[in-house]
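# Observations on the three-dimensional arrangement
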Amino acid sequence: MESDDLVEVAPDILRLRLPLDEGIDHVNLYLVRDGAGWLLFDTGVDSADARACWERLLSGPLAGGLTRIVVSHHHPDHLGLARWLRERTGAVVYLRPEERDSAEQTALPTPKAMDACRGYFGLHGMDVDDVTAITGDLLRRFMACDTRFQSQTLEHGEVLHVGRYRFNVLVQGGHSVAQFCLHEPTAGLLLTGDQLLERITPNLSLLPWGDRHPLRHYLASLEQTAALDLRCVLPAHHGEYAGGVARARGLIRHHERALERFRARLLPGMKAMDVANAVYGRRRDVLDRFLALTESLAHLQYLEEQSEIRRGADACWHPRLPKTEGTSTVPS
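Right, let's walk through the structure included here.

What counts, and where the lines are drawn
- Residues numbered from 1 in each chain as written.
- Predicted model: local features only at pLDDT ≥ 70, side-chain atom pairs only at ≥ 80, totals over all residues.
- Heavy atoms only, no water.
- Pairing = 2+ DSSP bridges.
- Helix = DSSP H or I, 4+ residues; strand = E, 2+ residues; numbered from the N terminus.
- Axes fitted to C-alpha atoms, helices over the stretch in contact; angles between N-to-C directions.
- Buried < 20%, exposed > 50% of the residue type's maximum accessible area, 1.4 Å probe, protein only.
- Contact = heavy atoms within 4.5 Å.
- Salt bridge = Lys/Arg side-chain N within 4 Å of Asp/Glu carboxyl O.
- Arc of directions from axis to C-beta.
- Core = buried A, V, L, I, M, F, W, Y, C linked by side-chain atoms within 4.5 Å.
- Phe/Tyr/Trp six-rings, centres within 6.5 Å; stacked < 30°, edge-to-face > 60°.
- Lys NZ or Arg CZ within 6 Å of the ring centre and 35° of its normal.
- Bend = angle between axes of the 7 residues up to and from the residue.

What follows covers the sheet that holds strand E7 (residues 159-162). Across the sheet, 5 strands lie side by side as E7-E8-E9-E10-E11; this open sheet has mixed pairing. Of all the strands in the sheet, just E7 and strand E11 (232-235) have a single pairing partner and so form its edges. Each neighbouring strand pair of the sheet contributes to a mean axis angle of 25°, computed without reference to strand direction. Pairing geometry for strand E10 (residues 189-193) and E11, over 4 bridges, is parallel. Among the inter-strand pairings, leucine 190 is bridged to a residue of E11, identified as valine 233.

Have a look at this one:
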């Protein structure tokens, strides 16, 4: 993959694909012609290679510069280079204050925040060594971003005029607390960040910060998205695709099936980590165990909100209704 892979994906819209070192091997950023310059949707991770790529582009095909930067959400492949690009180009940055707060909390900025995070994961059954790895290194190294820059915000329903396009701003929860998506109804375009990926499902995490009801909010966002005219979805990972409405409906069904697995495998007195191991299997990598636990918490909380299960004061989970002998809700 060339780090400066620029491709026109729609009139006056370029896709820039940058490599990633962890997990998915790339992230897609989008540039929309904005007068003599460009509006950038997401920034990529902050790395020496990424900065060098941007220097080449800003001295060449993107010499008109960046006028505005929309950061979809606070994860490092989206927010990571926002400060540097703002200082390099003078572009206005749009970032929801909830996303800024999540980024800052992810860095565990105080001893109190560190202790609270350790207590949270320990309470839910995570091994002590994993808790130490996550709070001592993983969150800061893989997920924290530099937020020391000024930004503006956008509101849900606001119209953003960018060159030939008129984007309706969507603010959606689930994968993150207040993720920006941009919908252009005339062209049927959706700049979706991580919210509507075609080949993978975005992680939904219940953490000590961020979205307090991730699965509920994500399902609501999918219903909202399914009501749009979507002829071309421009996602943060993999390729652009048609069929966004069908994909939104498919993701709703995916989580309905996931809830069935949680119902079936929950036994009285399980900690969330026990449930995660029962549903996903014991993951080999500490990052995968972290994601399995936080996604399990999001699904368990949703079932609790539906009054199907309950959480005790000791953070052990219990079905509200006993399973009928000889029946199973495990999907085939």
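Still to come is the rest of the account.
Take the side chain of histidine 75 next. The topology assignment puts histidine 75 in the loop between strand E5 (66-70) and helix H2 (76-79). Taking relative accessible area as the criterion, histidine 75 reaches 14% and is therefore assigned buried. If sequence neighbours within four positions are ignored, histidine 75 has contacts with Gly80, Cys145, His175 and Asp194.

As a further point, take the pattern of salt bridges. All chains considered together, the criterion is met by 19 salt bridges. Between glutamate 305 and arginine 216 there is a salt bridge whose closest N-O contact spans 3.2 Å. Residue glutamate 305 is located in helix H10 (residues 286-305), and its partner arginine 216 is located in helix H7 (residues 214-226); the two are separated by 89 residues in the primary sequence. A cluster of three or more residues bridged by salt bridges with shared partners is formed by Arg83, Glu87, Asp146 and Arg148.

Turning to helix H3 (residues 82-89), a few remarks are in order. When we look at burial in H3, the residues that qualify are Ala82, Trp84 and Leu85. Projected down its long axis, H3 shows its buried positions confined to an angular sector of 165°, all on one face.

What follows covers the nonpolar core. Ranked by internal contacts, the top residues of the largest apolar core, which has 48 residues, are Phe121, Leu139, Leu196 and Leu222. Looking at this core, the elements with two or more residues in it are helix H5 (111-123), helix H6 (128-143), H7, helix H8 (244-265), helix H9 (272-280) and H10. It is H10 that provides the largest number of residues to this core, a total of 8 residues. The residues touching leucine 222, leaving out its near neighbours within four places in the chain, are Leu196, Ala248, Leu251 and Ile252. With 30 residues, the next largest nonpolar core counts Leu18, Leu58, Ala82 and Leu85 among its residues.

Further remarks concern the packing of aromatic side chains. Within this structure, the stated rule accounts for 4 aromatic pairs. Aromatic pair phenylalanine 262 and tyrosine 280: ring centres 6.1 Å apart, planes at 75°, arrangement edge-to-face. With a gap of 18 residues between them, phenylalanine 262 in helix H8 and tyrosine 280 in helix H9 connect regions that are remote in the sequence. You can call tyrosine 280 partly exposed: its relative accessible area is 28%. Taken together, Tyr120, Phe121 and Phe290 form an aromatic cluster joined through their ring pairs. Over the ring of phenylalanine 149 we find arginine 100; its NZ or CZ atom is 4.9 Å from the centre of that ring.

Attention now goes to H6. At isoleucine 134, H6 shows its maximal bend, which comes to roughly 45°. Within the sequence span of H6, burial applies to Asp130, Val131, Ile134, Thr135, Leu138, Leu139 and Met143. Structurally, H6 contributes buried residues whose contacts are with H2, helix H4 (97-106), H5 and H10.

In this section: the pairing of strand E3 (residues 26-34). Across the 9 residues that make up E3, a large majority, 8, are buried. Pairing of strand E2 (residues 13-19) with E3 involves 7 bridges; the strand directions are antiparallel. Of the residues in E3, the one forming a bridge with leucine 18 is valine 27. Here E2 folds back onto E3 in antiparallel fashion, the turn holding 6 residues, of which glycine 23 has a positive phi close to 65°.

Strand order in the open sheet made by the 6 strands is E1-E2-E3-E4-E5-E6, with mixed pairing throughout. A strand with exactly one partner marks an edge of an open sheet, and here the two such strands are strand E1 (5-10) and strand E6 (92-94). Neighbour-to-neighbour, the strand axes of the sheet open up by a mean angle of 25°, direction not taken into account. In this sheet, E6 lies alongside E5 in parallel orientation, the contact comprising 3 bridges. Counted as the bridge partner of arginine 68 is valine 92 from E6. Here helix H1 (residues 48-58) sits on the sheet and contacts E1, E2, E3, strand E4 (37-41) and E5; the angle it forms with E2, its principal contact strand, is near 150°. With respect to the sheet, H3 is in contact with E4, E5 and E6, its orientation differing from that of E5 by roughly 165°.

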